[in-house]
Amino acid sequence: MNVHPVYRQLVALGKPQLAIRSSSALIHRRLHSRAGISTSFRVSDHLAQRPSPAPSRTISLSSPEPNSRKRGPLEVSAFEEILAFVALGVGFWMYKTYDSMGEWPEEVRNDLRAAVKAKQKEDWRTAASYFERAYNTAVTLPDQAASFGVDSAIKISAIALSLADVLESAGDLSRAYSIYGAAFAELIHNLPSLSESNTALEADQQRRAMRIAVKMAELGEHILHLQALGRPPEGADYGPTDEAEVKEKFDWALTEALRLRRTSVQLPEMGKKENDTLNLPAWVKKVDLTSVMTRVGEYYLRKGEI
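Computed from a predicted model, the values in this text were never measured in an experiment.

Looking at the pattern of salt bridges
No. 1: By the definition in use, this model includes 13 salt bridges.
No. 2: Where Lys-155 meets Asp-151, a salt bridge forms, and the shortest distance between an N and an O atom there is 3.9 Å.
No. 3: By relative accessible area, which is 14% here, Lys-155 ends up buried.
No. 4: A network of salt bridges, in which partner residues are shared, links Arg-125, Glu-132, Asp-172 and Arg-175.

Dropping the structure here:
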């Protein structure tokens, strides 16, 4: 038996039991230390062999991103601002349309409102049906001056021109020509010749009739051209009968433009209010005598008469 030198001395001194106890304690400590190391290795190996749990993934619908800034209660996004502006614009347009329609007689107001709304959507057929009903109602009212005011002829012609304009947009050229003709006839009916005593309202009425005459002549020329090509528009019976009818309208417009230019009557801005409400085309809103005479001159130049 191998005995540690320290314990040999204890034996030599006659203390063998103490040597045995000390030796046993040392052996016990060593075994305990080795057992601890072994156990530690086994636990470590066991932990290394166990698969790590999958990281949990949580999705929060309410938590903002780390770099995002919380919006205050009064802050809005750019998209929300755009939506707000669009809503305000549509609301203002609807308010303006409904408010301005109060200038029209109750008998035609709802039809005109529906017609303008359909025209804004480029629903030409629907717009034409409402404008036509409003026009038929207007011309059959027993007292047009009481319903429309002193400028009743101008206002009723505005409804007719609105109807003809949407018919043109729908491609119904012949019916548009017919409606222009009806508006022209209503305007010049019982209208006195221009003189020093003519009122501004009469001059205004004459000027609109003059511009309609040019429009009829140009549209009539176009319809006759399509007929010559073998492609007459739908409802050709409503169009001009021949070239002489086109020339007659150009001649009338030129004569009246020259007479209106010589008069001392001050020319007001034509029918601004109903133009704004019905959204009439630009050629109705502004009539320049020089431009009218230029249009007539271009026609005569095409025909070789200048």
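Remarks on helix H7 (residues 152-169)
It helps to recall that an α-helix has 3.6 residues per turn; residues three or four apart then point in one direction.
No. 1: Counted at 1.5 Å a residue, the expected span for H7 with its 18 residues is 26 Å, and the 26 Å between its end C-alpha atoms agrees.
No. 2: For H7, a buried count of 15 out of 18 residues is recorded, marking the element as mostly surrounded by other parts of the structure.
No. 3: Taken from the residues just after H7, Gly-171 is the one with a positive phi, measuring 90 degrees.

Considering empty space enclosed by the protein
No. 1: On inspection of all chains with the given rule, the structure shows two cavities of 30 Å³ or more.
No. 2: Taken as a whole, the second largest cavity holds about 30 Å³ of empty space.
No. 3: Residue classes in the lining of the second largest cavity are distributed as five nonpolar, one polar and one charged.

Looking at the environment of Val-292
No. 1: Among the structural elements, Val-292 can be located in helix H13 (residues 289-302).
No. 2: In this structure, the C-alpha to C-alpha distance between Val-292 and Val-214, residues 78 residues apart in sequence, is 7.2 Å.
No. 3: When sequence neighbours within four positions are dropped, the list of residues in contact with Val-292 reads Met-210, Arg-211, Val-214, Ala-253, Ala-257 and Val-287.

Here's the deal with the packing of aromatic side chains
No. 1: Evaluated as defined, the whole model comprises five aromatic pairs.
No. 2: Their ring planes at 80 degrees and their centres at 6.3 Å tell us that Trp-104 and Phe-148 sit as a pair that is edge-to-face. Residue Trp-104 is found in the loop between helix H3 (78-100) and helix H4 (106-120), and its partner Phe-148 is found in helix H6 (residues 144-148); the two are separated by 44 residues along the sequence. For the pair shown, Trp-104 and Phe-148 are each scored as buried.
No. 3: Between Phe-250 and Tyr-299 the ring centres are 4.2 Å apart and the planes differ by 20 degrees, which places this aromatic pair in the stacked class. Taken together, the positions of Phe-250 in helix H10 (residues 243-262) and Tyr-299 in helix H13 put the pair 49 residues apart, joining distant regions of the chain.

Looking at the confidence of the model for the protein
No. 1: Residues with a pLDDT of 70 or more make up 61% of the protein, whose mean pLDDT is 75.
No. 2: Across the protein, the element-wise mean pLDDT spans from 46 in helix H2 (residues 16-49) up to 97 in helix H5 (residues 124-139).
No. 3: Low pLDDT (under 50) marks residues 56-63, which in the prediction has zero contacts with non-local residues, meaning those over four places away or in another chain.

Structural notes on the nonpolar core
No. 1: Counting residues in hydrophobic clusters, the biggest one holds 61 residues, and the most contacted among them are Trp-104, Leu-112, Phe-131, Ile-159, Tyr-180, Ile-212 and Leu-278.
No. 2: Taken together, the elements giving at least two residues each to this core come down to H4, H5, H7, helix H8 (173-188), helix H9 (200-228), H10, helix H12 (282-285) and H13.
No. 3: If sequence neighbours within four positions are ignored, Ile-159 has contacts with Trp-104, Leu-112, Phe-131, Ala-134, Tyr-135, Ala-138, Phe-148 and Leu-278.

Re H5
No. 1: Spanning 16 residues, H5 covers 22 Å between terminal C-alpha atoms, matching the ideal 22 Å at 1.5 Å per step.
No. 2: Those residues of H5 not exposed but buried are Ala-127, Ala-128, Phe-131, Ala-134, Tyr-135 and Ala-138. The buried residues of H5 occupy an angular sector of 135 degrees when the element is viewed end-on, so they sit on one face.

Thresholds applied
Residues numbered from 1 in each chain as written. Predicted model: local features only at pLDDT ≥ 70, side-chain atom pairs only at ≥ 80, totals over all residues. Heavy atoms only, no water. Salt bridge = Lys/Arg side-chain N within 4 Å of Asp/Glu carboxyl O. Buried < 20%, exposed > 50% of the residue type's maximum accessible area, 1.4 Å probe, protein only. Helix = DSSP H or I, 4+ residues; strand = E, 2+ residues; numbered from the N terminus. Expected span 1.5 Å × (residues − 1). 1 Å grid on protein atoms, 1.4 Å probe; cavity = no way out; pocket = protein on both sides within 12 Å on 5 of 7 lines; lining within 4 Å. Points joined across faces, edges and corners; volume = space filled by probe spheres on them. Nonpolar A, V, L, I, M, F, W, Y, C, P; charged D, E, K, R; others polar. Contact = heavy atoms within 4.5 Å. Phe/Tyr/Trp six-rings, centres within 6.5 Å; stacked < 30°, edge-to-face > 60°. pLDDT = per-residue confidence, 0-100. Core = buried A, V, L, I, M, F, W, Y, C linked by side-chain atoms within 4.5 Å. Arc of directions from axis to C-beta.

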